[in-house]
There are 2 protein chains.
Amino acid sequence: MELTVLGCNSALPTSQRNPSAQILTVSGRTFLIDCGEGTQFQIRKMHINFMRIDYIFISHTHGDHVFGLIGLLSTMSLLNRTTPLTIFCNSKLEELLRPQLTYFIDNLSFKLNFHHLRYDKPEVILNIKGVKVSSVPLRHRLPTCGFVFCEQEKEPNIKKQAIYKYGLTIADIVSIKGGRPYYDVDGTEVPREELVMSSQPVKSYAYISDTAFLPEIVAHIGGVSLLYHEATFAEDNAMLAKKTLHSTAIQAATIARLAGAGKLLIGHYSSRYKETDILEQEAQSVFPDTTAVFDGFKIMF
Amino acid sequence: MELTVLGCNSALPTSQRNPSAQILTVSGRTFLIDCGEGTQFQIRKMHINFMRIDYIFISHTHGDHVFGLIGLLSTMSLLNRTTPLTIFCNSKLEELLRPQLTYFIDNLSFKLNFHHLRYDKPEVILNIKGVKVSSVPLRHRLPTCGFVFCEQEKEPNIKKQAIYKYGLTIADIVSIKGGRPYYDVDGTEVPREELVMSSQPVKSYAYISDTAFLPEIVAHIGGVSLLYHEATFAEDNAMLAKKTLHSTAIQAATIARLAGAGKLLIGHYSSRYKETDILEQEAQSVFPDTTAVFDGFKIMF
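Participant: Where do I start with the pattern of salt bridges in this structure?
Facilitator: Close approach of charged atoms allows side chains of opposite charge to pair. All names here are of chain A. Inspection of the entire model under this criterion finds 14 salt bridges over all chains. The residue D289 makes a salt bridge to K263 at a minimum N-O spacing of 2.9 Å. Taken together, the positions of D289 in the loop between α11 (277-284) and β13 (290-292) and K263 in strand β12 (residues 263-267) put the pair 26 residues apart, joining distant regions of the chain. Residue K263 is classed as buried on the basis of its relative accessible area, which comes to 16%.

Below you can see the structure in the form of structure tokens.
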């Protein structure tokens, strides 16, 4: 998996930080998560081919997470995209976008699907070759979902020695890969570890923004390889975080610790923090492997 | 007058060029002309105080001229702007913006007025202290207006020597500034040039985008100090310019020559032109004092 942060600020953009948007690539697929104003420019600057984005995930319909959609869709159509595109979002967003799509785009060049999210319980919203995506309801000022992206269990590779030793046929290999036992010419079951290589552990990514501190989500992101959790405020504004249903850096780190995350990224900073060191330090006091992201931040995991 | 170009590209943005937007300051007023996606970020990067923008002029409702409006208005409200704001635009834009304003902005903090443009003939759309703004209908694929900004004739300054020589009172000075004759103690009219300094010529700026070649506009922009005219294409794509109702660099320069403009700026480039030298050179072959603008271009005139 590879994650690229296109924008990491909260509602009021600064000259250094764009509003929320991220690109995640999994098993050769390119996903866009949130789409604040200017996302299409950020994608270009990062040299990402945005025509490869087939799925867009919108956590909630605050402007700083959606104002870039109409421009991006418009550009895709001007470039004569033909591959269908699916947006996972609140039904209200479709209602607001439809008149704009009709007016601003002459004959949308591709099929645009809207998948309306539910906010009462988690659900698997996408299950395609190589990756499964689930939604996780969050607690914010309007219906909001986080998203968990899981690589699918890969088929194990067969050991070359076993192929020669037992004279495995294609049918045998398919059967073993499918998890079935294999018996040698004497009818003895061959131990599985002699036949297949240990497969790489599957990776996962959880995007949790925007939300109040919500330990209930831990059940749905337990053991995640990489967690992005919003950290709009430092402790100096803990009351404001509570009031606006946002999280502090320490709360983000607490979720990461409870979930046993492999690594934590924080973002969605209030523009009052010119530098993000204080947020990173506070989070690290609870969860040492924390990084405060910036526009253009990239990580492979 | 001072002009700052925030974006100079046409519909398909590049990594170097943002969509259309300009800031014009006249007599201490700050005007925004067109508002493509990302305009609020460009304004911040240029260190312009966007809370001082009281009037926005939208030439037409193609996305690359308007997609930045909702984000800008949203940010102004988040920053608790209270000064009223007026947008000059097509009535359709208000119709498209209203549901977004209602949904995305909790209690817009300022009064937002829409002035609907007419497209059948030029009209004075704003006449305030120091500046008068007129619309000029253009020819494009949907209703489009250019804008002409004229400084108002300034009151002349009184010569210090005259004040001492004739013992002018405040009342005398107001009277002379108002254009009335002044008589000395003998009842002889004092020649005006002895009383007032020659006033600076009034400056004007015309913004002409987007449009097919339209010599009819020359009557409305004659003698303009600075002309910005779209030049989407070079001669290599003259047929495409004709088909899409855009102008070539040579056509832009022809308008500047016919209008007797003081200086020509060209912009709104097709993204096929990575460099704009060819457009500038073609325009200069007809109108030597031409500059191809770029994002961040600034000129005082």
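Participant: Mind showing me how you'd approach the pairing of strand β9 (residues 145-151) of chain B here?
Facilitator: Consecutive side chains along a regular strand alternate between the two faces of the sheet. Residue and element names in this part refer to chain B. Of all the seven residues making up β9, six are buried; the element is thus mostly covered by neighbouring parts of the structure. The pairing of β9 with strand β10 (residues 204-208) spans four bridges and is classified as antiparallel. Within β10, the position partnered with F147 by the bridge is Y207.

Participant: I would appreciate a short explanation of the packing of aromatic side chains in the present structure.
Facilitator: To describe a pair of aromatic rings, one takes the distance between the centres and the angle between the planes. This structure, assessed with the given rule, holds 28 aromatic pairs over all chains. Where F31 of chain B meets F57 of chain B, the ring centres are 5.5 Å apart and the plane angle is 85°; that geometry is what we call edge-to-face. Of this pair, F31 of chain B sits in strand β3 (residues 29-35) while F57 of chain B is found in strand β4 (residues 53-57), placing the two residues 26 residues apart along the sequence. We classify F31 of chain B as buried; its relative accessible area is 0%. Sitting above the plane of the F110 of chain A ring, R81 of chain A keeps its charged end 5.4 Å from the centroid.

Participant: It is not clear to me how the sheet that holds strand β4 (residues 53-57) of chain A should be interpreted in this structure. Could you clarify?
Facilitator: The strands making up a sheet associate through hydrogen bonds between their backbones, and the pairing can be parallel or antiparallel. Residues and elements named next belong to chain A. Read across the open sheet, the seven strands follow the order β6-β5-β4-β3-β2-β1-β14; overall the sheet is mixed. A single partner strand is all that each edge strand has here, and the edge strands are β6 (112-116) and β14 (298-300). Recorded for the sheet is a direction-independent mean angle of 20° between the axes of neighbouring strands. Across the face of the sheet, helix α3 (residues 69-78) comes into contact with β3 (29-35), β4, β5 (85-89) and β6 while running at roughly 170° to β5. Here helix α4 (residues 91-104) sits on the sheet in contact with β5 and β6, set at roughly 160° to β6.

Participant: Explanation requested: the interface of chain B and chain A in the structure shown.
Facilitator: A common measure of how large an interface is: the accessible area buried when the components associate. Contacts between chain B and chain A engage 33 residues on the former and 33 residues on the latter. Note on chain B versus chain A: buried area summed over both sides is about 2800 Å², and carbon and sulfur give 70% of it. Our enumeration of links across chain B and chain A arrives at zero salt bridges. At the surface where chain B touches chain A, the tally comes to eight residue pairs in polar contact (both at pLDDT 80 or more). Sort the elements by how many residues they give to the side of chain B that touches chain A and helix α4 (residues 91-104) of chain B lands first, with six residues. Classifying every residue of the side of chain B that touches chain A by side-chain character gives 15 nonpolar, 14 polar and four charged.

What counts, and at which threshold
Residues numbered from 1 in each chain as written. Chains lettered and ligands numbered in written order. Predicted model: local features only at pLDDT ≥ 70, side-chain atom pairs only at ≥ 80, totals over all residues. Heavy atoms only, no water. Salt bridge = Lys/Arg side-chain N within 4 Å of Asp/Glu carboxyl O. Helix = DSSP H or I, 4+ residues; strand = E, 2+ residues; numbered from the N terminus. Buried < 20%, exposed > 50% of the residue type's maximum accessible area, 1.4 Å probe, protein only. Pairing = 2+ DSSP bridges. Phe/Tyr/Trp six-rings, centres within 6.5 Å; stacked < 30°, edge-to-face > 60°. Lys NZ or Arg CZ within 6 Å of the ring centre and 35° of its normal. Axes fitted to C-alpha atoms, helices over the stretch in contact; angles between N-to-C directions. Contact = heavy atoms within 4.5 Å. Buried area = accessible area lost by both parts, 1.4 Å probe. Polar contact = N/O pair within 3.5 Å; in protein donor to acceptor, adjacent residues only side chain to side chain. Nonpolar A, V, L, I, M, F, W, Y, C, P; charged D, E, K, R; others polar.

All quantities given are derived from atomic positions and should not be read as evidence of function.
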